[in-house]
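So you can see what is in the structure, the chains are spelled out below.
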There are 2 protein chains.
Amino acid sequence: MSDITSANIKFPWKISSRAELMNPSVIRELLKLTERPGVISFAGGLPSPDTFPTAIFKEACNKVLLDQPHEALQYSASEGYQPLREMIADYLPWNVDSSQVLITNGSQQGLDLVSKVLIDKNSKILVESPTYLGALMAFIPMQPKFESMLCNNEGFDLEDLKNKALDARFMYLVPNFQNPTGNTLTETIRQNLCQLSVDIGLPIIEDNPYGDLWFDQPPPPTLTNRNPEGCIYLGSFSKVLSPGLRLGYMVVPKSIFPKMLQAKQAADLHSSSFSQRVIYEVIRNGFLDTHIPNIRALYKSQRDVMLNALANNFPKAGSHEDEVSWNVPSGGMFLWMRLPKKMRAVDLLPRAMASGVAFVPGESFFTEYADQRSIRLSFVSVSADKIREGIKNLASVITAERN
Amino acid sequence: MSDITSANIKFPWKISSRAELMNPSVIRELLKLTERPGVISFAGGLPSPDTFPTAIFKEACNKVLLDQPHEALQYSASEGYQPLREMIADYLPWNVDSSQVLITNGSQQGLDLVSKVLIDKNSKILVESPTYLGALMAFIPMQPKFESMLCNNEGFDLEDLKNKALDARFMYLVPNFQNPTGNTLTETIRQNLCQLSVDIGLPIIEDNPYGDLWFDQPPPPTLTNRNPEGCIYLGSFSKVLSPGLRLGYMVVPKSIFPKMLQAKQAADLHSSSFSQRVIYEVIRNGFLDTHIPNIRALYKSQRDVMLNALANNFPKAGSHEDEVSWNVPSGGMFLWMRLPKKMRAVDLLPRAMASGVAFVPGESFFTEYADQRSIRLSFVSVSADKIREGIKNLASVITAERN
């Protein structure tokens, strides 16, 4: 009998129409390019590894494997480790019952579960413009239609939003120090959005990985805080402890918790029993109360270095449309910059790379009406000296482009 | 302004038609009942915690956090930790390139990715009868139609299968020491299935979490070994190291690897950087070569205790339809038993529980033509004494039922 297989015959795999819509993450592909040695990269979305509390992690691993080795290495409940669920419920500043907390593999898995449980083909989903790319990546395979929430001078254009919201399945937003813009929703906008949500029964998916990373004062209370029955809240340990462990959580209204739980079971049975116990050990004695202020201080000083470098290198910034402009994020990891009129970020990138500096063109983050002049700059994982050098290089490239 | 929220108003969440099809895992719900204190439970599907190598895990955690703390706690590639991918490719006994290996959160996540990437609404999926419930849980939300692969005296009924296979999207099976039956596909069946797969271009999803747990001799080579272009192979560290870490892997033909990778990115970005490095440290120096034989020896002795207890308590077993019968699994964790004619496992369960013994009624594992007399018994996580006591109790209940 001859060999059954043959490398020459291409096997006729047929993929789903859902999978046809999947694409490689533009950002991840870009990062492969921008993370060349010698390039100062403002393109990454990674927290600074200087903030990872290695010593206390090591202690926690040893303690968990000493005290409860069998439980930590065995299958466990899909809902998550009960003491961790209770600690999260206590930590959040509104009335959360631990039975509403579902432990996930980072908030990305929360987005995937939301996508499975709430999106039908052609469901209308309202998103910010620009919005978080990981959310689009999670939602797209379930074939929704996206509509952007347009802005006017007071934030979202409420009339436009009301019209769009009537037949929408939900609204997705990152209220604090958003990825990509670094912007934060004002108190007035939050009130308006919540009122709209309650008036017309529009669910809100509130994704808040950066909320703890404020620089001068906490952001206004979350939307979920105001409207817990109408919101799913996504939280994460990625930005305050470690992204590599992939642990986050959802707070889900009781009426739809069972479906989220069933989706979680089907997805991977449960999140790591071991990692959940390690995280619990790390934070149970108030570690975050001392740790998070250190991250805030570090990221604030890095933001200030970047703002100063920008001001020094672009003395006429913001004065008219032929100049660059940028926002002043009050927390988080990102700053949003706009190039001079007629300049396009994707065209600038290769030249910036050639002079040793990288960024992410902002247009990738839009579902429609892409702003081709926009650029996302991360200020957290590059040293102060390199931030100064990188912004100087970026300014040279922009100046050369303009002449 | 009055409070926006009110506990009295039920917020109008609308779930997807996909989510309507989700159900709580019958087994997980059942386990909550059967794991009462004082009940000898053959119902669980958990590996014995006596097989968890705690000491070497602790060493590995410390080493990883000493040598590469930043990498272990940082975001990492969606494909998985490259040295681990290479080790898996080397470990498998056919020609696997590490670029085909995708690290997943246990093989359950592999099933979820398969479901997303390969199943459209109404896609026909061929499954064994009975089949693994976790696979059904992963597949059902994508709304396929299941067809059972019927058996005759030589294994699958090939004529029946050929007819059904022509327009099927894929065939799913657990070839070795299957969950729930403990059965293993013969060499002849494997040859026939592979030939059919190649002849008509039918992809096979081969789920092999138990393959290493053979008792006397290894099972025949896997289907993927014979037909790598036409198979996706799912492997797991859950049964040979620890299920609680949630780490497994897929081996995917190169033509569809990019789509699986994109689905993994969207699902949770990547599996734990830390856990992947810990597992790599644990097994890099051949640990499994000494560890797996210990698990085999333990599980074989437990199986033998159960087989002896069954023979002692059911002296007339298998002689006719009024007697119980069971198979002799040659590896894995499960034994499949059939009750006497006219007896139904779900009816027997409450009476068994009342006399202190639990099992899983087999009918939950069928998509059609459920065998109501069947019972799944796990022999791995109950001590020898308790196995004897539990089987004795079960025999009493069955005898009482018959009289």
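All values derive from a computational prediction rather than experimental measurement. Every chain is numbered on its own, with residues counted from 1 as its sequence reads. Here every chain gets a letter starting at A, and every ligand a number starting at 1, in the order they are written. Note on the predicted model: pLDDT of at least 70 is required for a residue's local features to be given, and 80 or more for side-chain atom pairs to be given and counted; whole-chain, interface and lining totals, by contrast, use all residues. Side-chain measures here rest on the full set of heavy atoms in the structure, leaving out hydrogens and waters.

Draft legend 1. Seen up close, the overall build of chain A. Helix and strand content of chain A: 15 helices and 15 strands. The C-alpha atoms of chain A give 22 Å as radius of gyration, which agrees with the globular expectation for 403 residues (22 Å, within 12%). Reported as C-alpha extents along the three principal axes, the dimensions of chain A are approximately 65 × 65 × 55 Å. In this scheme, a residue with accessible area under 20% of its type's maximum is buried, one over 50% is exposed, and one in between is partly exposed, where area comes from a 1.4 Å probe on protein chains only. Counting all 403 residues of chain A, 63% fall into the buried class. Counting only contacts in chain A whose residues sit at least 6 apart along the sequence, the fraction spanning at least 24 positions is 74%. Positive residues here are Lys and Arg, negative ones are Asp and Glu, while His and the chain termini are left out of the count. Charged side chains are reduced to one point each, which is NZ for Lys, CZ for Arg, CG for Asp and CD for Glu. Across chain A, the mean location of the 40 positive side-chain charges is 4 Å away from that of the 42 negative side-chain charges. Runs of E in the DSSP output that reach at least two residues are strands. Runs of H or I that reach at least four are helices, and both are numbered from the N terminus. Computation of the radius of gyration draws on C-alpha atoms alone. For the globule rule, the value is 2.2 Å times the number of residues to the power 0.38. Pairs of residues are marked as contacts when any of their non-hydrogen atoms sit within 4.5 Å.

Draft legend 2. How the structure looks around the sheet that holds strand β8 (residues 204-207) of chain B. Residue and element names in this part refer to chain B. In this description, strands pair whenever DSSP reports at least two bridges between them. Pairing within the open sheet is mixed, and its seven strands lie in the order β2-β10-β9-β8-β7-β3-β4. The open sheet has two edge strands with one neighbour each: β2 (101-104) and β4 (145-148). Sheet twist, expressed as the mean angle between neighbouring strand axes with direction ignored, is 20 degrees. Here four bridges tie β8 to strand β9 (residues 231-236), and the two strands are oriented parallel to one another. Among the inter-strand pairings, Ile204 is bridged to a residue of β9, identified as Cys231. Across the sheet, helix α5 (residues 82-91) touches β2 and β10 (248-251), and the angle it forms with β2 is around 115 degrees. To define axes, lines are fitted to C-alpha atoms, for helices over the stretch in contact only, and angles between the resulting N-to-C directions are given on a 0 to 180 degree scale.

Draft legend 3. Examining helix α14 (residues 345-354) of chain A more closely. Residues and elements named next belong to chain A. Ala345, Leu348, Leu349, Ala352 and Met353 are the residues of α14 that are buried. Buried residues of α14, viewed axially, fall in a sector of 135 degrees; they line one side. More than 90 degrees from the buried face of α14, the exposed residues found are Pro350 and Ala354. Turning to α14, the residues buried within the fold contact α2 (26-34), β13 (357-358), β14 (360-361), β15 (374-378) and α15 (384-402). Of the residues flanking the end of α14, it is Gly356, one or two places downstream, whose phi is positive at about 85 degrees. Directions are taken from the helix axis to each C-beta atom, and the arc is the one they span.

Draft legend 4. Focus on the packing of helix α3 (residues 54-67) of chain A against helix α12 (residues 273-283) of chain A. All names here are of chain A. Running from N to C, α3 and α12 point in directions that differ by 120 degrees, and their axes come no closer than 8 Å. Of the possible angle classes, the one that applies to α3 and α12 is oblique. At the point where α3 passes α12, the crossing takes the right-handed sense. Facing α3, whose interface residues are Ile56, Phe57, Ala60, Cys61, Lys63, Val64 and Leu65, α12 presents Phe274, Arg277, Val278, Glu281 and Val282. Across the contact of α3 with α12, the residue classes tally to nine nonpolar, no polar and three charged. Throughout this description, any angle smaller than 35 degrees is read as roughly parallel, any larger than 145 degrees as roughly antiparallel, any in the 65 to 115 degree range as roughly perpendicular, and the remainder as oblique. Helix crossings get a hand from a simple test, with the near helix turned counterclockwise from the far one by less than a right angle marking a left-handed crossing and a clockwise turn marking a right-handed one. Amino acids are sorted into nonpolar (Ala, Val, Leu, Ile, Met, Phe, Trp, Tyr, Cys and Pro), charged (Asp, Glu, Lys and Arg) and polar (every other residue, Gly among them).

Draft legend 5. Geometry of the sheet that holds strand β14 (residues 360-361) of chain B. All names here are of chain B. The four strands are arranged β11-β12-β15-β14 in an open sheet whose pairing can be described as antiparallel. Strands at the two margins of the open sheet, each flanked by one partner only, are β11 (325-326) and β14. Bridge analysis of strand β12 (residues 334-338) against strand β15 (residues 374-378) gives five bridges, and the strand direction is antiparallel. When the sheet's bridge partners are listed, Leu335 is paired in β15 with Leu377. Where helix α13 (residues 287-313) meets the sheet, it contacts β11, β12 and β15, and its direction lies at approximately 15 degrees from that of β12.

Draft legend 6. The confidence of the model for chain A, seen in detail. A residue's pLDDT is the predictor's confidence in that residue, given on a scale from 0 to 100. Summing up the model confidence of chain A, the mean pLDDT is 93 and the portion of residues at 70 or higher is 98%. For this predicted complex, the interface score ipTM comes out at 0.95, while the overall pTM is 0.95.

Draft legend 7. Just the interface of chain B and chain A, in detail. Listed per partner, the contact involves 98 residues of chain B and 98 residues of chain A. Accessible area that two parts lose when put together, evaluated with a 1.4 Å probe and summed over both, is termed the buried area. Around 8,200 Å² of area is buried between chain B and chain A when both sides are counted, 62% of it from carbon and sulfur atoms. What makes a salt bridge here is a side-chain nitrogen of Lys or Arg within 4 Å of a carboxyl oxygen of Asp or Glu, nothing more. Applying the counting criterion to the chain B and chain A interface returns two salt bridges. A salt bridge links Asp112 of chain B to Lys116 of chain A, with the nearest nitrogen and oxygen atoms 2.8 Å apart. Polar contact is defined as a pair of N or O atoms within 3.5 Å, subject to the rule that within protein one atom must be able to donate a hydrogen and the other to accept it, and that residues adjacent in sequence are counted only when both atoms are side-chain atoms. Where chain B meets chain A, there are 41 residue pairs in polar contact (both at pLDDT 80 or more). When its residues are assigned to classes, the side of chain B that touches chain A shows 46 nonpolar, 33 polar and 19 charged.

Draft legend 8. Quick look at the relation of the copies chain B and chain A. With an axial shift of 0.0 Å and an RMSD of 0.0 Å, the rotation relating chain B to chain A amounts to 180 degrees. Taken together, the turn and the small shift mark the pair as related by a two-fold rotation axis. Within chain B, Cys61 of chain B has its C-alpha nearest the rotation axis, a separation of 3.5 Å. A high fraction, 100%, of the interface residues of chain B reappear at the interface in chain A, so the copies pair face to face through one surface. The copies were overlaid with a least-squares fit restricted to C-alpha atoms from residues scoring a pLDDT of at least 70 in each copy.

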